[in-house]
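Summary of the model geometry
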Amino acid sequence: MAKKVEQQENNEKAHIFYRRDYRHVNARPIETIFLLFVTVVPFIYLMIEKYGDFAYWLNKKTVGLFKELFGIEPAINKVKFFPFTAPISYLEISGKTPGFTACLIIAVLSLFLILICLQIFTQNKPLMIYISISLFITMISALYFMFFKDKFPYTLGSYTYLYMSQQFVIWCMVAIITSVSLAVLPGIYGFDFLTFIGIMVYSILFGSVRYIVFVLGLNFLSNLFMAPVYFMFGIFLDFLYIVAIYAVYVRKVSDVYSKRKEQGRWSWS
């Protein structure tokens, strides 16, 4: 009788699926390598062959908006960025230099808002830190332009060149990081491939719209905001949305493989 009860308990334990600790999905090397080749390799090839044309098209659209909004038509220059890629286009435009009074107001206002953030966001420290760092960089930039604006070595055209050249690297890195991250988990009927396509489409659209908004906004405001815009709304946001979309993908994979018929996918250690 005791053996029968023990056997029944063992059978019941066999149906207990541990949902948190020490669980991982069994890797499938062949599918992982296949995913890398069908995602990263074609995308990098397209970037090498077509990014120069895309950058020129994007700058043409930006010039059209400049002409419509500001009545000016910046020139489009091309420069060789990598020896194996087409020349990258950027805008030739100087931008605006703020006056002493404007810099003083921005510096004081930034300091005031930093103090406000320290008092308000006591329960949301990550947001407080992010906003405070943005305001601190803005304050430092304002102080620099107050006393050394004649020595500022960059123009808005320099910013457009930096953006277009770094965007090539960012999109290639996003493709590599995304593909490797997705390859860690086995796909769900091509859902990993669709997730890669979705991330890259979003990245390209987001990066393109951000470029237009940044350039038009900086031309409307001044070069003072180049530093805070670059450091706080540039590469940081690119990797933030990668993590967010990847988290949704992992949750989906976890939910699917937690079903009883998919338990063989999991291993415990």
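These notes cover the structure that comes with them. Bear in mind the structure is a predicted one, so any value in this text is a computation, not a measurement. (Residues numbered from 1 in each chain as written. Predicted model: local features only at pLDDT ≥ 70, side-chain atom pairs only at ≥ 80, totals over all residues. Heavy atoms only, no water.)

1. What about the packing of helix H5 (residues 156-184) against helix H6 (residues 191-220)?
Two elements in contact, H5 and H6, have axes whose closest approach is 10 Å; the angle formed by their N-to-C orientations is 165 degrees. Our classification of the angle between H5 and H6 gives roughly antiparallel. Crossing geometry of H5 relative to H6 is assigned as right-handed. (Axes fitted to C-alpha atoms, helices over the stretch in contact; angles between N-to-C directions. Helix = DSSP H or I, 4+ residues; strand = E, 2+ residues; numbered from the N terminus. Parallel < 35°, antiparallel > 145°, perpendicular 65-115°, else oblique. Left-handed = near helix turned anticlockwise from the far one by under 90°.)

2. Digging into the packing of aromatic side chains
Following the criterion strictly, the structure yields 20 aromatic pairs and no others. A centroid spacing of 5.6 Å and a plane angle of 50 degrees characterise the contact between phenylalanine 66 and phenylalanine 70, whose relative ring orientation is tilted. Classification of phenylalanine 66 by relative accessible area gives buried; the value is 0%. Geometrically, the ring pair formed by tyrosine 144 and phenylalanine 152 is edge-to-face, given 6.1 Å between the ring centres and 65 degrees between the ring planes. Taking relative accessible area as the criterion, tyrosine 144 reaches 30% and is therefore assigned partly exposed. Among the residues examined, phenylalanine 152 registers a relative accessible area of 23% and is labelled partly exposed. By way of ring pairs, the aromatic residues Phe100, Tyr144, Phe145, Phe147, Phe148, Phe152 and Tyr154 are connected into one cluster. Here lysine 78 stacks its cationic end above the ring of tyrosine 56, 4.7 Å away from the centre of that ring. (Phe/Tyr/Trp six-rings, centres within 6.5 Å; stacked < 30°, edge-to-face > 60°. Buried < 20%, exposed > 50% of the residue type's maximum accessible area, 1.4 Å probe, protein only. Lys NZ or Arg CZ within 6 Å of the ring centre and 35° of its normal.)

3. A word on the layout of surface pockets
Taken as a whole, the largest pocket encloses approximately 280 Å³ of empty space. Phe152, Tyr154, Met226, Ala227 and Phe231 are, among the 14 residues lining the largest pocket, the residues nearest its centre. Those elements that place two or more of their residues in the lining of the largest pocket are helix H4 (125-148), H5 and helix H7 (226-232). Split by residue class, the lining of the largest pocket holds eleven nonpolar, three polar and no charged. (1 Å grid on protein atoms, 1.4 Å probe; cavity = no way out; pocket = protein on both sides within 12 Å on 5 of 7 lines; lining within 4 Å. Points joined across faces, edges and corners; volume = space filled by probe spheres on them. Nonpolar A, V, L, I, M, F, W, Y, C, P; charged D, E, K, R; others polar.)

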